[in-house]
Amino acid sequence: MAEPVFRMLEYLVPSVVALNGNKITYQGLENIPERGGAIIALNHTSYVDWIPASLAAKERKRRLRFMIKAEMADVKAVNYVIKHIQLIPVDRTMGAEAYAVAVQRLREGELVGVHPEATISRSFELREFKTGAARMAIEANVPIIPMIVWGAHRIWPKDHPKKLFRSKVPITAAIGRPLWPQGTAEEFNAILRQAMEAMLHWVQEQYPHPEGEYWVPRRLGGSAPTPDESKEFRIAELAERAQKLGYDGVTSKNPKKAGHADDSRQP
């Protein structure tokens, strides 16, 4: 595949990672298929966890097409990248079009990257999963490859300063065995989440976690919010966003613009 922009990024991004002093350790690379459609289901703790996932695919000579928030296209540079490396923009209020595009890409043999949690986890634990990945896998009849990236949240997490230069943070990208569709979307989604939670705990056991650090889950002795606290922060965040957009949940003439539905309709 030519794709000059993607080709340029395949050379540029590893160089930036190396210059930044980040060592990525891959585990289970053989679980990414050499050909054919598949969903890469990735945990979401950082604004840059797509980088280790994409580089893992590159190690297998594959290209990963992530589903990305449609509003990111408002940034000209990002919009250019979206168009030229064929990412899949998702309008959170109307996700059907992006869903259809993703299913078609999977049927054409592409790798599609999805965050089943739909938004970044402040607790660094797994949030509730949306069923989009499971539904797409069932419809396209392709496997889901569970992946856990750990360490990227130390570079650019939510609510904390980013450390993009010479951070020297070790990162693990663990890839699990392919999960083929089974049962209903809800049942398959539960299987996926269970597999990813087990992988997350396994990866965390091998990674040093200094006590009290903001990037360490509370369960492991850190000061990150608990999952319940994280959920409360998210509710407050959505309420504040809705208020800024003038949406009161009842009288707005165009509630879709408020984005209040947020994650509920995202794949």
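Criteria and thresholds
- Residues numbered from 1 in each chain as written.
- Predicted model: local features only at pLDDT ≥ 70, side-chain atom pairs only at ≥ 80, totals over all residues.
- Heavy atoms only, no water.
- Helix = DSSP H or I, 4+ residues; strand = E, 2+ residues; numbered from the N terminus.
- Buried < 20%, exposed > 50% of the residue type's maximum accessible area, 1.4 Å probe, protein only.
- Contact = heavy atoms within 4.5 Å.
- Areas by Shrake-Rupley, 256 points an atom, 1.4 Å probe, with all protein chains shown as cover.
- Pairing = 2+ DSSP bridges.
- Salt bridge = Lys/Arg side-chain N within 4 Å of Asp/Glu carboxyl O.
- Phe/Tyr/Trp six-rings, centres within 6.5 Å; stacked < 30°, edge-to-face > 60°.
- Lys NZ or Arg CZ within 6 Å of the ring centre and 35° of its normal.

Chemist: How would you summarise the overall build of the protein if you had to cite specific residues and measurements?
Modeler: Each helix and strand in the protein was counted, giving seven helices and seven strands. Ordering the α and β elements of the protein from the N terminus gives α-β-β-α-β-α-β-α-β-α-β-β-α-α. The buried share of the protein, reckoned over its 267 residues, is 49%. Contacts in the protein between residues at least 24 apart in sequence constitute 73% of all its contacts with a sequence separation of at least 6. Summed over all atoms, the accessible surface of the protein reaches about 13,800 Å², with 55% contributed by carbon and sulfur.

Chemist: Please provide a residue-by-residue account of the pairing of strand 2 (residues 38-42), values included.
Modeler: With five of its five residues buried, strand 2 lies for the most part within the structure. Neither face of strand 2 is left uncovered, since the one carrying Ala38, Ile40 and Leu42 and the one carrying Ile39 and Ala41 both have all their residues buried. Of the pairings in the sheet, the one linking strand 2 to strand 5 (residues 111-114) comprises four bridges and is parallel in character. When the sheet's bridge partners are listed, Ala38 is paired in strand 5 with Leu111. The sheet contact formed by strand 2 and strand 6 (residues 144-150) spans four bridges and is parallel. Paired with Ala41 across the strands is Pro146, a residue of strand 6.

Chemist: Before we move on, could you go through the pattern of salt bridges and cite the residues and values that matter?
Modeler: One pass over the full model with this rule turns up eleven salt bridges. A salt bridge links Arg122 to Asp159; the nearest nitrogen and oxygen atoms lie 2.4 Å apart. Highlighted residues: Arg122 in the loop between strand 5 and helix 5 (132-140) and Asp159 in the loop between strand 6 and strand 7 (171-175), separated in sequence by 37 residues. Given the relative accessible area of 9%, Arg122 is considered buried. Between Arg234 and Glu237 there is a salt bridge, and its shortest N-O distance comes to 2.4 Å. Of the two residues, Arg234 and Glu237 both sit in helix 7 (residues 227-244), three residues apart, roughly one turn of that helix. Glu237 carries the same exposure label as Arg234, and that label is buried. Salt bridges here are not isolated pairs; linked through shared partners, they connect Arg122, Lys158, Asp159, Arg234 and Glu237.

Chemist: Give me the lowdown on the packing of aromatic side chains, citing residues and values where you can.
Modeler: Throughout the structure, instances matching the rule amount to two aromatic pairs. Taking the centre distance of 5.2 Å and the plane angle of 50° together, the rings of Tyr47 and Trp156 count as tilted. Taken together, the residues Tyr47 in the loop between strand 2 and helix 2 (50-59) and Trp156 in the loop between strand 6 and strand 7 connect sequence positions 109 residues apart. Judged by centre distance (6.1 Å) and plane angle (85°), the rings of Tyr207 and Trp215 are edge-to-face. Trp215 sits in the buried class, given a relative accessible area of 5%. Taking the ring centre of Trp215 as reference, the NZ or CZ of Arg154 above it sits at 4.2 Å. In this arrangement the basic side chain of Arg193 is found over the ring face of Phe129, its NZ or CZ atom lying 5.6 Å from the centre.

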